[in-house]
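Architecture at a glance
Listed below, chain by chain, are the residues.
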Amino acid sequence: MFALMQSSRLESLHLSVDPATGLKAVIAIHCSRPGPALGGCRYLSYPDDESAVVDAVRLAQGMSYKAALAGLPVGGGVAVIMRPAHVESRAALFEAFGRCIEQLDGRYITAIDSGTSVADMDCIAQQTRHVTSTTASGDPAPHAAMGVFAGIRATAMARLGSDNLESLRVAIQGLGNVGFALAEQLHAAGAELLVSDIDPGKVQLAMEQLGAHPIANDALLSTPCDILAPCGLGGVLNSQSVAQLRCSAVAGSAHNQLSNLQVADQLERRGILYAPDYVINSGGLIYVALKHRGEELSTITAHLSKIGARLTEVFAHAQAEKRSPARVADELAERLLYR
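Analysis parameters
- Residues numbered from 1 in each chain as written.
- Predicted model: local features only at pLDDT ≥ 70, side-chain atom pairs only at ≥ 80, totals over all residues.
- Heavy atoms only, no water.
- UniProt positions renumbered as here; feature names shortened; annotations may be inferred.
- Helix = DSSP H or I, 4+ residues; strand = E, 2+ residues; numbered from the N terminus.
- Buried < 20%, exposed > 50% of the residue type's maximum accessible area, 1.4 Å probe, protein only.
- Contact = heavy atoms within 4.5 Å.
- Areas by Shrake-Rupley, 256 points an atom, 1.4 Å probe, with all protein chains shown as cover.
- Lys, Arg positive; Asp, Glu negative; His and termini not counted.
- Charge placed at Lys NZ, Arg CZ, Asp CG, Glu CD.
- Arc of directions from axis to C-beta.
- Phe/Tyr/Trp six-rings, centres within 6.5 Å; stacked < 30°, edge-to-face > 60°.
- Lys NZ or Arg CZ within 6 Å of the ring centre and 35° of its normal.
- Pairing = 2+ DSSP bridges.
- Axes fitted to C-alpha atoms, helices over the stretch in contact; angles between N-to-C directions.
- Salt bridge = Lys/Arg side-chain N within 4 Å of Asp/Glu carboxyl O.
- 1 Å grid on protein atoms, 1.4 Å probe; cavity = no way out; pocket = protein on both sides within 12 Å on 5 of 7 lines; lining within 4 Å.
- Points joined across faces, edges and corners; volume = space filled by probe spheres on them.
- Nonpolar A, V, L, I, M, F, W, Y, C, P; charged D, E, K, R; others polar.
- Left-handed = near helix turned anticlockwise from the far one by under 90°.

As recorded by an unreviewed UniProt entry, the protein carries the name Glu/Leu/Phe/Val dehydrogenase and is attributed to Pseudomonas rhizophila. For the record of the protein, the UniProt heading Sequence similarities (unreviewed entry) holds the text "Belongs to the Glu/Leu/Phe/Val dehydrogenases family."

**Notes on the overall build of the protein**
Helix and strand counts for the protein come out as 14 helices and eleven strands. Along the three orthogonal principal directions, the C-alpha set of the protein runs to about 55 × 50 × 40 Å. Within the span of the protein, comprising 339 residues, buried residues form 54% of the whole. When contacts within the protein are restricted to residue pairs at least 6 apart in sequence, those whose partners lie at least 24 apart make up 64%. Accessible surface for the protein amounts to roughly 14,200 Å². Of this, 51% is attributable to carbon and sulfur atoms. Of the side-chain charges in the protein, 27 are positive and 33 negative, and the distance between the mean point of each set is 7 Å.

**Structural notes on helix H7 (residues 200-210)**
Three or more residues of H7 are buried, namely Val203, Ala206 and Leu210. The arc that holds every buried residue of H7, seen down its axis, measures 70°, which confines them to one face. Projecting away from the buried face of H7 at angles above 90 degrees are the exposed residues Pro200 and Glu208. Contact partners of the buried residues in H7: helix H6 (177-188), strand S7 (192-196) and strand S8 (213-214).

**Comments concerning the packing of aromatic side chains**
Evaluated as defined, the whole model comprises two aromatic pairs. When the ring of Tyr43 is compared with that of Phe94, the centres are 5.3 Å apart and the planes differ by 70°; the resulting orientation is edge-to-face. Separated by 51 residues along the polypeptide, Tyr43 in strand S3 (residues 37-44) and Phe94 in helix H3 (residues 90-103) bring together distant segments of the chain. With a relative accessible area of 2%, Tyr43 lands in the buried category. When the ring centre of Tyr338 is taken as origin, the NZ or CZ atom of Arg9, which lies over that ring, is 3.6 Å away.

**Some details on the sheet that holds strand S1 (residues 12-18)**
Here we have five strands laid out as an open sheet, ordered S1-S2-S4-S3-S5, and mixed in their pairing. Either end of the sheet is taken by a strand with one partner, and the two such strands are S1 and strand S5 (108-112). Sheet twist, expressed as the mean angle between neighbouring strand axes with direction ignored, is 25°. Two strands pair when backbone bridges link them, and strand S2 (residues 23-31) and strand S4 (residues 75-82) are joined in this way by six bridges, in the antiparallel orientation. Bridged to Ile29 within S4 is Gly77.

**A look at the pattern of salt bridges**
This model, assessed by the stated rule, comprises eleven salt bridges. With a shortest N-O distance of 3.4 Å, Asp55 and Arg42 are connected by a salt bridge. Residue Asp55 is located in helix H2 (residues 49-70), and its partner Arg42 is located in strand S3; the two are separated by 13 residues in the primary sequence. The pair formed by Asp55 and Arg42 is uniform in burial state, with each residue classed as buried. Of the charged contacts, one joins Glu313 and Arg310 as a salt bridge, the two residues approaching to 3.0 Å between their closest N and O atoms. With a gap of three residues between them, Glu313 and Arg310 both fall in helix H13 (residues 307-321), about one helical turn apart. Given the relative accessible area of 32%, Glu313 is considered partly exposed. Judged by relative accessible area, which is 23%, Arg310 ranks as partly exposed. The structure contains a network of salt bridges with shared partners spanning Arg42, Asp55 and Asp113.

**Notes on the layout of surface pockets**
Rolled over the atoms, a probe with the dimensions of a water molecule shows which regions are left empty. When its volume is computed, the largest pocket comes out at roughly 1,000 Å³. Surrounding the largest pocket, 40 residues form its lining, Asp113, Ser114, Val178, Cys231 and Gly232 being those nearest its centre. Counting only elements with at least two residues in the lining of the largest pocket, the list comes to S3, H2, S5, helix H5 (141-160), H6 and helix H11 (283-292). Taken together, the residues of the lining of the largest pocket sort by class into 16 nonpolar, 17 polar and seven charged. Along its surface, the second largest pocket is lined by 21 residues, and Arg58, Gln61, Asn256, Tyr278 and Asp330 are the ones closest to its centre. Breaking the lining of the second largest pocket down by element, the ones donating at least two residues are H2, helix H10 (277-280) and helix H14 (325-338). It is H2 that provides the largest number of residues to the lining of the second largest pocket, a total of seven residues.

**Observations concerning the packing of H5 against H13**
The contact between H5 and H13 brings their axes to 8 Å, and the two run at 35°. Where H5 crosses over H13, the handedness of that crossing is right-handed. Between H5 and H13, the contacting residues are Gly147, Ala150, Gly151, Ala154, Thr155 and Ala158 on the first element and Ile307, Gly308, Leu311, Thr312 and Phe315 on the second. Broken down by class, the residue content of the contact of H5 with H13 amounts to six nonpolar, five polar and no charged.

Following this line, the structure appears as structure tokens:
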């Protein structure tokens, strides 16, 4: 565990249990130099404790990099709650988690993430003020999608020579809150949508409302398209899956899309442009961070519009240095965090 922390430069790792509610939580604080660590709370099933810790540590590091490149006055942190087989009261479990956050005295601010909802954040808010994405502050998903949309336009410009998305074939893997909102924006821009999701109801909705073409989950990665947009869980890009890709670029909202940095090099060798996930999907963090500070929506929207420019900067460095954008983005983020 300490080796994992040292290799990722994690500041602290907090483990909490509450037998009365079944809570087993991990809070990873990666870097608090710029300000309090801010990041989502996941509520998922994990095969074992180690998997939950590794997920939390990797995500927390990504949040630090994301905040740094987005120019936000916050550090990176993430919480993972291991979803038990049976829960007597979900509300009580999240209230117990709220008490865990309160004990950290503002060092970590939590937010919505995979498996959690605005209602869960409301329960946490009964025990601590160090929470956002509540009913009062609003769902960050539409703003995250707005940022990814801007990032896809920047990626299309860098790889295809134009940011006009009309008739562009975009394959979206995962139609959750962010994925579906992104699909709506792409449809409005005239893109042709290829979609997959483990929930057939979401695919059907995309077909009916957006004219999307359904693709089997196990066939999407090998389907010819201009841009692949991973919008589900992480780890989708590994040496085997990258060998199957038939796209010009990868640009989506999913966290931790790369299984490791060697996969980024493999994408580079294949001539597939990769938009670093924590740069393109920073819209949600931008929204919750600035909303938590009480900023106006106009200020938040203006900050979101900078995501495309940041990606363009990363792509330019990568092209000049003939390296993967993923490696360039990591170095830029570390320079900002540890200068």
